[in-house]
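Single-letter residue listing:
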Amino acid sequence: MNTTPSRTTTPSTTTPPAGTTDPAEGSADAVTEEATAKDSLVKDPAKGSTTDSPAKDPATEDATGTPSDAADSGTAPDDLSGQADDADDAEDLEPDPFEEARHGVGAGAAAVVSAALGVVALTGAWTGRVAAERETLIGQIQTSGGGSAAQQISEIYGDAWHTTALVNGVFAVLALLVGVFVLVRPAFGAPSDRPQPTWVRAVATAGVALGVLGVLISAGMYFDLFVSLPTAGAPAGG
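Residues numbered from 1 in each chain as written. Predicted model: local features only at pLDDT ≥ 70, side-chain atom pairs only at ≥ 80, totals over all residues. Heavy atoms only, no water.

**Student:** Teacher, can you tell me more about the overall build of the protein here?
**Tutor:** Along the protein, the regular secondary structure elements total eight helices and two strands. Secondary structure elements in the protein, listed N-terminal to C-terminal, are α-β-β-α-α-α-α-α-α-α. By residue count, 16% of the 238 residues in the protein fall in the buried class. If you take every contact in the protein between residues at least 6 apart in sequence, the share linking residues at least 24 apart comes to 74%. Here the protein displays about 17,500 Å² of accessible surface, and carbon together with sulfur accounts for 62% of that area. (Helix = DSSP H or I, 4+ residues; strand = E, 2+ residues; numbered from the N terminus. Buried < 20%, exposed > 50% of the residue type's maximum accessible area, 1.4 Å probe, protein only. Contact = heavy atoms within 4.5 Å. Areas by Shrake-Rupley, 256 points an atom, 1.4 Å probe, with all protein chains shown as cover.)

Below you can see the structure in the form of structure tokens.
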């Protein structure tokens, strides 16, 4: 039997030398400093003072978006509406082909009528021939009972000649009036944003020229300026 008293051992505590730190304590201090750095004060550059607001996380800023992004997104619909308005204005400025086709139809038809009347005034119309034949018939009836040669020439031939000149002169005056109306219509009518087509003015001018020429010829025929009526010779003595 062992009679040697048992000895209990106590853990020895060693005091670290002066100027040294415990590794466990150093790691705890590092964690504390890192946490403190995260919660450090943020300095406001505008005011020159520190605020208690924590630093913003870049990821959070990217997720929420900056004010400039919000402004850009707010102005995007305005840009789209402006582009739509520009497109509508461009469509309004484009000429309508149907409107272009309808423009000047009445003036063009009147110009063609004026030119046609001028041609008829120069070449003669069936109405002038009918009127001349009627005057010839009337002259034959009036001189059937007897009359001098000069009277027969005047009643049968002269009246028919003058009637033809009068009818042609009427057509010439109509051509002149219609042509002048077409040419002066834009100056006295409602203002138009489109000028009168060139071909309309050209045809109307031709109608006016033919009308003036027809009036001059008809006047010369009516007053016997170009060709005088034939005269009967004196009867030869027997």
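What follows continues from the structure just given.
**Student:** Just checking my understanding: could you explain unusual backbone geometry for this structure?
**Tutor:** In most cases, non-glycine residues show a negative phi, while peptide bonds are predominantly trans. A positive phi angle, close to 55 degrees, is found at D224, a residue other than glycine. Here D224 shows up in the segment after α8 (198–222). Classification of D224 by relative accessible area gives partly exposed; the value is 24%.

**Student:** What's the story with the pattern of salt bridges in this structure? I'm lost.
**Tutor:** Close approach of charged atoms lets side chains of opposite charge pair. On inspection of all chains with the given rule, the structure shows one salt bridge. Taking the shortest distance from any N to any O, the salt bridge between R134 and E135 comes out at 3.9 Å. Overall, the relative accessible area of 54% leaves R134 in the exposed class. (Salt bridge = Lys/Arg side-chain N within 4 Å of Asp/Glu carboxyl O.)

**Student:** What's the story with the packing of aromatic side chains in this structure? I'm lost.
**Tutor:** The description of two aromatic rings rests on the distance between their centres and on the angle between their planes. Inspection of every chain in the model, using the stated rule, returns two aromatic pairs. Ring plane angle 25 degrees and centroid distance 6.2 Å describe the contact between Y157 and W161, whose orientation is recorded as stacked. Within this pair, Y157 and its partner W161 are both found in helix α7 (residues 149–188), separated by four residues, close to a single helical turn. Using a relative accessible area of 41% as the deciding quantity, one classes Y157 as partly exposed. Since its relative accessible area comes to 28%, W161 is described here as partly exposed. (Phe/Tyr/Trp six-rings, centres within 6.5 Å; stacked < 30°, edge-to-face > 60°.)

**Student:** In this structure, what is going on with the packing of helix α6 (residues 126–142) against α7? I would like to understand it.
**Tutor:** Each packed pair of helices is defined by two parameters, the angle between the axes and the distance between the axes. Contact geometry for α6 and α7: axes closest at 8 Å, N-to-C directions at 155 degrees. Considering the angle they form, α6 stands roughly antiparallel to α7. Both α6 and α7 take part in a crossing whose hand is right-handed. Between α6, through T127, G128, A131, A132, E135, T136, G139, Q140 and Q142, and α7, the contact on the second element is made entirely by E155, I156, D159, A160, T163, T164, V167 and F171. Grouping the constituent residues of the contact of α6 with α7 by class yields six nonpolar, eight polar and three charged. (Axes fitted to C-alpha atoms, helices over the stretch in contact; angles between N-to-C directions. Parallel < 35°, antiparallel > 145°, perpendicular 65-115°, else oblique. Left-handed = near helix turned anticlockwise from the far one by under 90°. Nonpolar A, V, L, I, M, F, W, Y, C, P; charged D, E, K, R; others polar.)

**Student:** Would you mind showing me how to read the environment of I156 here?
**Tutor:** Position of I156 among the secondary structure elements: in helix α7. For the pair I156 and I138, spaced 18 residues apart in sequence, the C-alpha separation works out to 7.5 Å. Among all residues touching I156, those that are not within four sequence positions of it are T136, G139, Q140 and T143.

**Student:** Please clarify how the side chain of S114 should be interpreted in this entry.
**Tutor:** Secondary-structure assignment places S114 in helix α5 (residues 105–123). Engagement of the side chain of S114 in a polar contact is seen with the backbone oxygen of A175, the distance being 2.7 Å. Among all residues touching S114, those that are not within four sequence positions of it are A175, V178, G179, A204, G207 and V208. (Polar contact = N/O pair within 3.5 Å; in protein donor to acceptor, adjacent residues only side chain to side chain.)

**Student:** Could you clarify how one ought to interpret a nonpolar patch on the surface in this entry?
**Tutor:** On the surface, L122, L166, V170, L174, L213, I217, Y222, F223, L225, F226 and V227 cluster together to form a nonpolar patch covering roughly 1,100 Å² of accessible area. Tracing the sequence through the fold places L213 in helix α8. (Patch = residues over 30% accessible without salt bridge, like charges linked within 9 Å, V, L, I, M, F, W, Y side chains within 5 Å.)

**Student:** I would appreciate a short explanation of the environment of A109 in the present structure.
**Tutor:** Relative to the helices and strands, A109 resides in helix α5. Measuring from C-alpha to C-alpha, the distance between A109 and V203 comes to 9.7 Å, with 94 residues separating the pair along the chain.

**Student:** Just to check I follow, could you spell out α7 for this structure?
**Tutor:** Here α7 contains 40 residues, and its C-alpha end-to-end distance of 56 Å stays within 8% of the 58 Å for a straight helix at 1.5 Å per residue. The largest bend in α7 amounts to roughly 35 degrees and is located at G158. The complete set of buried residues in α7 reads G158, A160, H162, T163, A165, V167, N168, G169, A172, A175, G179 and V182. (Expected span 1.5 Å × (residues − 1). Bend = angle between axes of the 7 residues up to and from the residue.)

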